[in-house]
Structure formats: structure tokens, C-alpha cells
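Now for the letters of each chain:
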Amino acid sequence: MISEHSSSNTVNMDCQTEKQVNKSVDWDTLPFTALSKIYCLLDDQSRCQAGSVNSHWHTAYKTPQLWQKRHFKFDGTSCDDRALNYAKSVGRFMRTCTATNTMHCERYARRFQGSLTTYFNHLFKQDTQLRSFSFTELKLDRYFKDIATQAKLTKSMVRFFKTQHSLISFDMSSSWMSESHGYSVLDAVAKRSNKTMRNVNLEDVFGSHMAIYRSADFIRAMVRFTNLEEVKMNYNCVSNDLLLAMGVSNANCWKTLYIKCRKDEPYTQVIRPSTWIVLQQYCPQLSVTMCLDGVYNYDTVKRILNPAIPLKHLEITGSNPEDTFKPDDTLRHLATSFGNTLKSVLIEVQASSFPVERGLLNLVSDCKQLLRLEIKAGIVNLSVMEEVMAMVKDRLQRRDPQRPLGLFKLTVDNMPLTYYQEMAAIFRRHSCTGFQLQYRF
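As recorded in an unreviewed UniProt entry, the protein chain goes by the name F-box only protein 39-like, listed as coming from Saccoglossus kowalevskii.

Structure below.
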């Protein structure tokens, strides 16, 4: 009986406490700070429902900070409605717009095109002023083969971008636009955001078969930007005139240039050493990252990787079906040409019949800034590897002021068991602290 009486008292006290709390909290007039925290925990649909509670909650619902950043996925289905409703109702508050094309079937292309056109039209009518815009994987050449459809979508984008005066970042990588449409969009972006823009990503914006480097329209659009810090583009866009003109218009601002060179794009143009030298005079802080995707021929690699480039990061990737990649010659060229600038090297090419020999030793020995080295490219000479590991260990033990490798990652496939055993023994003999070694056999 005592326990039952105690339990009933506890329940009564809890009910009374809850009633007191409900009486003490006026939910209709919660402070904006509290309401904002509540809204931050809700999804868009729940926010809309909460915003209809009363006028006070609706006012908090319209707080700009709640709607400044959004990421949408467009796929040509009813899922697009979320982005359209957002743009139509609270799009004017958005400052960071991130969107991705996730459509995997051409049957939805017409609705997809309609969704995008409507989306940009809503943003235009809402007078949205973005700080950052990103729409990736648009792939117009694949999903919008009809020229009229592409033109309609481009027109809606151009109209919207012409109103933007505060853009800092612009990313339309993998758009696969036609030349004329791409120039129109770039020109629209530069119309009023030419002084505020800092980062531009044009990787795969144009089709890989296009020789954009020959276009005067592309140069005219790019040189309108005057405060760029980071630029990403394909090698088929790069020319002597472009680099020099951008160096002048972005003098002392430009810090990073990422260039991607694909096997299926034209890369016959020659960038003169004098162009890179003059560009560095205009932009002394400039560093270059190069990605060679499927470009293996040594003569081509040597021509593209001009010693005058302020190259800091290099990636060479691909399948190497013709077995033309010569890793050792490439490593020797890197050691000879970029000893004072190169910081990281990634070579991930399907096994080559050409071995990695003294070129690896030259690279580690001569590249004083090299911090990261990853190699997956055929056979590595065991005696050379012994010398490389001994050199790295010696530097660490002597605390050599020359900065040693921080990471060395090696992948070797299709070799005899004895080879793997000898390689593992080399790594064990020269293991040391302060150096990260990863290897996979």
C-alpha cells in the first residue's frame, strides 16, 4: 500500500509540473532566438507547417538566415518540386546555391529541362543575390541534344546571372556546353560580378573535343574578371594569350591554377616558357596543379609540363591500354624541371612494362619540397627502392633541414612472390618514425 501511494503521488507531481511549465511558457510569443533554434532542427516541410501556427511564428519563419544555404538534386522527376517550391517561396534569402544533376535516364530530360528553366526563372523573379553558385554534372550534350532546348535553358541562366553582383564562387563543372552557350553564361556572370569573383571552376564545362584555346570570345569573357584567386579549367582552354591576359587583369591576386588534360581533347597547342615567366611576374603567388588523364606519351608529357611552370601538384592517371607510358623518364623530367616547386606527385596508371628505376631516386633526391608521393605504375627496381628508403631514413635521423617525404604510397601488382618478400624486407629495414609509408602488393 505504501508503494502504491508513493507512485500515485509521483504521477500527480509530474502532471502538476507539466501544467506549470505549460502555463509559464507562452508558445505564441517565444523569442526569435529560441524560434530560430527550433526551425534549424526542422526540415523544409516541417518549417512550413510551423510557420502557419500564428503571425509571430510566421515572421520567424521568414528569417533570412534559415534559408541562405541549400543543396538540391535535380533528376527530372517529382523530386524537383522541392527545389522549385523553395525558389518560388523563399529563394530571395538564398546566398549559397548548390545543385547536382542526378538524372540517369534520358526519358526524363524534357521535365528536367523544364524544372531547371523554371528554377532559374523563380530565382530571377525573387531577385536572389547569391554569393556562391554551384551546379555540377549538368551534361547538356548528353541530356539536351536538341539545340532549341539547350538554348531555352541557357537563356534562363543568362538572364539570372546578369542580375548577380556579389558572386564570389562559380562552379559549373561537367556541364558539357556548346561553345556559344558557354561563352554566353561566362559573359553574363562577369557582367556585374567581375570584381567580386574569386573562384571559378570551368572543368569540363565545354565538350572535350572543342579547341577553346583558339576562341577570342572565351578570352574576352575571362579577362573581365579582375580579382580571381583560383581557376580550374581544361587544357583545351589554355593558350598563351589567355594566360597573359588573365595575368594582367588579375595581377597579384591569382594564386591557384588547376589544369586538366584529357586524352580525348585537343592538346596540340604549345605554351611558351616566356608565357609562364611573364605570368609569374604578374602573379608571383601563382601555383599550378596539373592532371593528365590518359595522356602518357613521353614527348607529349614533356611538352605539356614545361619547366617554366610553377608546378606544385601533379596527377597522371588512366588505363594505359597501349603500354606507352614510361614512368622512369617522366620521373626524371619532373626531378630535373621542378626540383624547387613540386610538392606532391600521384601516378596511378595501369601496369606498365617499363620499370621505375633511377628516376624515382632523382625525384626524391632533387625535389626539395616533395611531401607526398604515390605510385602505381608497374615494376619498381628493388635496389633503387633500397637507396630511396635509406635516403629518407638518413634525412630524418639527421633532422635534415630539407623537408623529407611525409607520405610514400606504393602499389605493385602482378609480380612474383619473391619480389614482394624482398620489397617488404626493404621497408622493414628502413622503417622510421616521422614518415608514413603505405604499400600494397
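(A) Representation of the overall build of the protein chain within the structure. Looking only at helices and strands, the protein chain has 17 helices and 13 strands in total. Within the protein chain, contacts between residues separated by at least 24 positions form 81% of all contacts whose residues are at least 6 apart in sequence. Counting every atom, the protein chain has about 21300 Å² of accessible surface; 50% of that belongs to carbon and sulfur.

(B) Representation of the side chain of Thr 128 in the model. Following the sequence through the fold, Thr 128 ends up in the loop between helix 6 (109-125) and strand 3 (132-136). The contacts of Thr 128, once residues within four sequence positions are left out, are Gly 91, Arg 92, Met 94, Leu 123, Phe 160 and Gln 164.

(C) Summary view of the pairing of strand 3. Most of strand 3 is tucked away, with four of its five residues classed as buried. The pairing of strand 2 (residues 96-101) with strand 3 spans five bridges and is parallel. Bridging from a neighbouring strand, Thr 100 pairs with Thr 136 of strand 3. As for the winding sense of the linkage, the β-α-β connection from strand 2 through helix 6 to strand 3 is right-handed.

(D) How the structure looks around the environment of Arg 92. Its place among the elements puts Arg 92 in the loop between helix 5 (80-90) and strand 2. Once residues within four sequence positions are removed from consideration, Arg 92 is found in contact with Lys 62, Gln 126 and Thr 128.

Conventions and cut-offs
- Residues numbered from 1 in each chain as written.
- Predicted model: local features only at pLDDT ≥ 70, side-chain atom pairs only at ≥ 80, totals over all residues.
- Heavy atoms only, no water.
- Helix = DSSP H or I, 4+ residues; strand = E, 2+ residues; numbered from the N terminus.
- Contact = heavy atoms within 4.5 Å.
- Areas by Shrake-Rupley, 256 points an atom, 1.4 Å probe, with all protein chains shown as cover.
- Buried < 20%, exposed > 50% of the residue type's maximum accessible area, 1.4 Å probe, protein only.
- Pairing = 2+ DSSP bridges.
- Right-handed = clockwise from strand over helix to strand, strands pointing away.

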